[in-house]
Amino acid sequence: MAGGNERSMKALKEVWKRAENSLCADCGKPDPDWASSTLGVFICLSCSGIHRNIPSISKVKSLKMDYWDDAQVQFLAKHGNAVTKAIYEAHIPIYYYQPTYNDCQVLREQWIRAKYERKEFTEPGKQLPYSDGVKEGILWKRGRDNGQFLPRKFLLSEREGCLKYFTKQDAKEPKINVKIDVINATFQPEKIGNPNGLQITYLKDNKTRNIFVYHESGKEVVDWFNAIRSVQFHYLKVAFPIASDNEIKNRLTRNFLKEGYMEKTGPKQREAFKKRWFTLDHRRLMYFKDPLDAFAKGEVFVGSGENGYSVQKGLPSGTQGNFSWHYGITIVTPDREYLFTCETETDQLEWIRAFTSVINQAMTPQEYASKCLDGIFFPS
C-alpha cells in the first residue's frame with residue numbers, strides 16, 4: 001500500500017479482514033484485493049476491470065498499492081460486502097444465473113451491470129426483460145452445413161412451453177419447435193469464437209442436438225439465457241408441484257462437466273484410435289468429429305458405481321489398436337469397456353476426476369428410465 005498514514009492503513013486492514021469481505025462481492029473468488037470506493041464492496045482483480053468500465057457507478061482502487069484516505073476507509077467500513085449485497089441483490093429471481101469466477105466474461109460483466117448500473121434487483125416485482133414468459137428476437141445462428149452465422153428469428157414462449165426458431169423473418173412455420181424441458185444452454189465463447197457465444201442443446205429422438213448462436217449485445221444474449229431459465233423454472237413448477245424452488249433451480253441450465261479432445265477406438269478394440277471432441281454432460285458422454293457439429297457421432301451412458309460402472313487409469317494390457325496419445329482411460333460398464341487416450345497426463349487426470357464425480361453419484365429413477373430408453377450407441 002503506497003502512502004497513507006498508519007492509522008488509515010490499520011483501519012483499512014481491519015475492514016478488509018472481516019469475514020463478509022473474504023470473497024469477491026461479484027464472483028465469489030477468495031481473497032479479493034481491490035475495492036470500490038463508491039459502492040463499498042471488496043472485489044477481485046478480474047471484476048475490478050469490469051467495474052473500471054462503468055466509472056459513473058464505480059471507482060476502484062487496489063487495497064495493496066493505492067492510497068485510501070480516512071473518508072474512503074470509513075465508507076468501506078460502513079458498507080462492505082454484506083450491506084451492499086443487501087441493497088443491490090435484495091430481489092434476485094431464483095432462476096437468475098449468478099456467475100462465479102469460473103464463468104466467462106460476458107456473464108460476469110452483465111451480472112455486475114445488472115446489479116449496480118441497471119439496479120435490476122433492488123425492488124420487488126420489478127419487470128425484467130427476461131421475466132415475462134415470452135421473448136422474441138434475432139440471434140446469429142451457425143449453419144449446420146456451411147458453418148456461416150446468419151440472423152434467425154427465435155421465439156421463446158412460457159405459455160407454449162417451447163423454443164422455436166425460424167429461417168425467415170416472415171416464416172409461418174418454425175424450423176424447430178423444442179419443448180423447454182429438454183433444453184440446455186451454456187456459454188461457449190472459445191468454442192464458438194465469439195465472446196457472446198451461446199450453445200443451445202436439446203434432445204431430439206432422445207439424442208442431443210447442438211445449436212450455436214451469438215448476439216452482438218452482451219446484455220441481449222445474457223437476457224436470452226436467463227429467459228430460458230425463467231421459462232424452464234415456471235414450467236417445472238407446474239410439472240413438479242411438490243418440489244422446492246431450490247430443487248427446481250438445480251434442474252435448470254447446467255455447464256458441461258468436461259470437454260476436450262481424446263482418442264477413442266471401436267467396440268472390438270482392435271481398430272486404430274481416432275481423435276474426437278468429447279463432451280460430458282452429466283451422464284451423457286458424447287463425441288463429435290468437430291466441436292461445432294450439430295449432432296454427436298455417438299454417446300455412452302455413464303452410470304453409478306453401485307450399478308457396475310467404474311473408471312480406471314490406463315488401458316487393459318494387450319490393447320491392440322494403434323494410438324498416438326499414451327495417457328489411457330478405461331470406462332467399465334456392465335456391458336463392455338470403453339477405451340480412450342489423452343494427449344497429456346493433466347488431461348487424463350481431469351477426465352478421470354470428471355468421470356469419477358458422475359460415477360460416485362447415485363442414479364435417480366429418471367436416469368434409470370433414460371438409460372433404458374436411450375438406445376445409447378457408440379459406433380467406431
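Residues numbered from 1 in each chain as written. Predicted model: local features only at pLDDT ≥ 70, side-chain atom pairs only at ≥ 80, totals over all residues. Heavy atoms only, no water.

- Under an unreviewed UniProt entry, the name given to the protein chain is ADAP1 protein, and the organism recorded is Brachypodius melanocephalos.
- One UniProt comment on the protein chain, placed under Subcellular location (unreviewed entry), says "Cytoplasm". (UniProt positions renumbered as here; feature names shortened; annotations may be inferred.)

**Some remarks on the packing of helix 2 (residues 45–52) against helix 5 (residues 105–117)**
Logical step 1: Look at helix 2 against helix 5: their axes get within 10 Å of each other, and the N-to-C directions meet at 55 degrees. Put simply, helix 2 runs oblique to helix 5. For helix 2 against helix 5, the interelement crossing comes out right-handed. Residues S46, C47, I50 and H51 of helix 2 lie in contact with helix 5, whose contacting residues are Q105, R108, E109, I112 and Y116.
Logical step 2: Along the lines of polarity and charge, the residues of the contact of helix 2 with helix 5 split into 4 nonpolar, 3 polar and 2 charged. (Axes fitted to C-alpha atoms, helices over the stretch in contact; angles between N-to-C directions. Helix = DSSP H or I, 4+ residues; strand = E, 2+ residues; numbered from the N terminus. Parallel < 35°, antiparallel > 145°, perpendicular 65-115°, else oblique. Left-handed = near helix turned anticlockwise from the far one by under 90°. Contact = heavy atoms within 4.5 Å. Nonpolar A, V, L, I, M, F, W, Y, C, P; charged D, E, K, R; others polar.)

**Quick look at the domain arrangement of the protein chain**
It is common to give the size of an interface as the accessible area that goes away when the parts come together.
Logical step 1: As assigned here, the protein chain comprises domain 1 (1–117), domain 2 (134–250) and domain 3 (258–374).
Logical step 2: A separation of 42 Å is found between the C-alpha centroids of domain 1 and domain 3. (Domains from an automatic or database assignment.)

**A few points about the UniProt feature "domain: Arf-GAP" (unreviewed entry) in the protein chain**
Logical step 1: Mapped onto the present numbering, the UniProt feature "domain: Arf-GAP" (unreviewed entry) falls at residues 6–129.
Logical step 2: Each end of residues 6–129 is marked by a C-alpha atom, and these two atoms are 48 Å apart; helix forms 40% of the span and strand 6%.

**A word on the environment of N196**
Logical step 1: Looking at where N196 falls in the secondary structure, it is placed in the loop between helix 6 (189–192) and strand 9 (198–204).
Logical step 2: C-alpha separation for the pair N196 and W140, spaced 56 residues apart in sequence, amounts to 10 Å.
Logical step 3: With residues up to four places along the chain from it excluded, the contact list for N196 reads V106, F187, V213, Y214, H215, E216, S217, G218 and V221.
Logical step 4: Of note is the side chain of N196, whose polar atom sits 3.2 Å from the backbone oxygen of E216. (Polar contact = N/O pair within 3.5 Å; in protein donor to acceptor, adjacent residues only side chain to side chain.)

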